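Coordinate inspection notes
Residue-level listing of the chains:
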Amino acid sequence: MVYSTNFEESQHFSGTFNSFAKRLAHEIAQKCAISGKRVLEIGCGKGEFLRELCVFGNATGLGIDPGYRADKGRNEDLGDVKFIVDFFGPDYRHLEADAVLCRHTLEHISSVAAFVRLIREMIGERTGDWVFFETPDAKRVLAESAFWDIYYEHCSYFSPGAHARLFRQEGFDVTDLELVYDNQYIVQYARPSIGQTKPRLPLERDLEEMHRLAETFPVRVRACQHLWQERIRSAHAAGRRVVLWGGGSKAVSFLTTLQIGDEVSAAVDINPYKQGKFTPGTGHPVIAPADLVQNPPDLVIVMNPIYRNEVVQSLEALDLRPEVVSV
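Summarised in this report is the structure supplied together with it. Keep in mind the model is a prediction, meaning the values are calculated, not measured.

Comments concerning the packing of aromatic side chains
One pass over the structure, following the stated rule, counts 14 aromatic pairs. A centroid spacing of 6.0 Å and a plane angle of 55° characterise the contact between F20 and Y185, whose relative ring orientation is tilted. Of the two residues, F20 is situated in helix 1 (residues 15-31) and Y185 in strand 7 (residues 185-192); the sequence distance between them amounts to 165 residues. By relative accessible area, which is 7% here, Y185 ends up buried.

Structural data, given as structure tokens:
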């Protein structure tokens, strides 16, 4: 897989996600006091979050991402925000910012210590800078046997404790650590420190729990996979049309891991840039919600439970009332 301008990862077509992202942007703007300051977002995607943050916080923004693309209607020219279409690396150690953001990027980095160390070197002696990271919580994945959240784009996985230990090791003081978005995401605020700081936040002490969850994960995940295979194949055998709601990485991992083919008809996605394409590996068509009207589903599997209410409302707006379940 190649990260390029053709890569499509945006979740900002969802009202549920947009509400969360807006609240988070406003929190960061206030907590990091970015008014009149410079914000750097590493792994900015299509730039939606950075624009919201800088407009609300009256800040200047710079985003770096090899997948950035200026799409009409999605990236309106609002605020003083610029973009670099590239990977963040040593060539950008000269950049200066009062706040550094990195959301859902660290898990795509293999050499995480070198990555965080580079950010620390970039900040240098500016001890007043803020660093904000948001990363999926691997502890939840283990606890829920969520095999659909394990896929090859993620080469690093973090519990809250592992996340904080990495930053303390590389010269940051972790000031805030919490779980958000139905406990799916780790949110961490940190500031530069001189030398290593010691763990002091409640979520940092999770090693024993992680060991216990990892030990029992193989048995639990096999049982979970078997249940989903039986449920989908039984529905298909009974003549019921099954679709997934969500055509991203979760759906790809779900379908490929379970080796599901014709038993699932399609993956529905509200992101227009995914519609008309196909899921990698299995080749399931990715369709718009409106496409369900002509061929209504009997069972809809929502790939993230936080979107269930939004999905039900979308189906009802189309006068469709299938059975809706979440992974």
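Let us keep going from here.
As for helix 5 (residues 160-169)
When you tally the buried positions in helix 5, you get seven out of ten residues, the bulk of the element. Where helix 5 is buried, its residues meet helix 3 (112-123), strand 5 (130-136), helix 4 (138-143), strand 6 (172-180) and strand 7. Of the residues trailing helix 5, G171 is marked for its positive phi of about 95°.

Structural notes on the side chain of E170
Mapping E170 onto the fold places it in the loop between helix 5 and strand 6. Of the polar contacts made by the side chain of E170, one reaches the side chain of R117; its length is 2.9 Å. Not counting residues within four places of it along the chain, the set of residues in contact with E170 comprises A113, V116, R117 and R120.

Comments concerning helix 8 (residues 308-317)
Buried within helix 8 are the following residues: E310, V311 and L315. On an axial view of helix 8, the arc spanned by its buried residues comes to 135°, and they lie on one face. Exposed residues pointing more than 90 degrees away from the buried face of helix 8 are listed as N309, Q313 and A317. Here the buried face of helix 8 lies against helix 1, strand 8 (242-245), strand 11 (299-302) and strand 12 (323-326). Positive backbone phi, at 60°, marks D319, one or two positions downstream of helix 8.

Some thoughts on the sheet that holds strand 8
With parallel pairing, five strands are arranged side by side in an open sheet as 10-9-8-11-12. Bordering the open sheet on either side are strand 10 (286-287) and strand 12, each of which pairs with just one other strand. Of the pairings in the sheet, the one linking strand 11 to strand 12 comprises four bridges and is parallel in character. In the strand pairing of strand 12, V302 is matched with S326. With respect to the sheet, helix 6 (residues 207-237) is in contact with strand 8, strand 11 and strand 12, its orientation differing from that of strand 12 by roughly 165°.

Points about the pairing of strand 8
Covered by surrounding structure in strand 8 are V242 and L244 together with V243 and W245, the residues of both alternating faces. Where strand 8 and strand 11 come together, four bridges link them in parallel fashion. Of the residues in strand 11, the one forming a bridge with W245 is V302. In terms of strand pairing, strand 8 meets strand 9 (residues 266-268) through three bridges, oriented parallel.

Focus on the pattern of salt bridges
One pass over the full model with this rule turns up 20 salt bridges. In this structure, K139 engages E209 in a salt bridge whose closest nitrogen and oxygen atoms are separated by 3.4 Å. With a gap of 70 residues between them, K139 in helix 4 and E209 in helix 6 connect regions that are remote in the sequence. Classification of K139 by relative accessible area gives buried; the value is 12%. Between D149 and R140 there is a salt bridge, with the nearest N and O atoms lying 2.7 Å from each other. Residue D149 shares its accessibility class with R140, and that shared class is buried. Ionic contacts of the salt-bridge type, sharing partners, join the residues R140, E144, D149 and K250 into one network.

Some remarks on the nonpolar core
Membership of the largest hydrophobic core comes to 38 residues, with the highest contact counts inside it found for I28 and V39. It is helix 1 that provides the largest number of residues to this core, a total of seven residues. In terms of nonpolar packing, the next biggest core, distinct from the first, is built from 29 residues, F115, L118, F167 and L177 among them.

As for the environment of E48
As for its placement among the helices and strands, E48 is situated in helix 2 (residues 48-57). A relative accessible area of 13% places E48 in the buried class.

A few points about the pairing of strand 1 (residues 38-42)
Counting buried residues along strand 1, four of its five residues qualify, which places the element largely inside the surrounding structure. The pairing of strand 1 with strand 2 (residues 60-64) spans five bridges and is parallel. Residue R38 lies in a different strand from strand 2, and its bridge partner there is T60. On the question of chirality, the crossover connecting strand 1 to the parallel strand 2 by way of helix 2 is right-handed. Sheet analysis places strand 1 next to strand 4 (residues 99-103), joined by three bridges and oriented parallel. Bridging across to strand 4, L40 finds its partner in V100.

The rules behind each value
Residues numbered from 1 in each chain as written. Predicted model: local features only at pLDDT ≥ 70, side-chain atom pairs only at ≥ 80, totals over all residues. Heavy atoms only, no water. Phe/Tyr/Trp six-rings, centres within 6.5 Å; stacked < 30°, edge-to-face > 60°. Helix = DSSP H or I, 4+ residues; strand = E, 2+ residues; numbered from the N terminus. Buried < 20%, exposed > 50% of the residue type's maximum accessible area, 1.4 Å probe, protein only. Contact = heavy atoms within 4.5 Å. Polar contact = N/O pair within 3.5 Å; in protein donor to acceptor, adjacent residues only side chain to side chain. Arc of directions from axis to C-beta. Pairing = 2+ DSSP bridges. Axes fitted to C-alpha atoms, helices over the stretch in contact; angles between N-to-C directions. Salt bridge = Lys/Arg side-chain N within 4 Å of Asp/Glu carboxyl O. Core = buried A, V, L, I, M, F, W, Y, C linked by side-chain atoms within 4.5 Å. Right-handed = clockwise from strand over helix to strand, strands pointing away.

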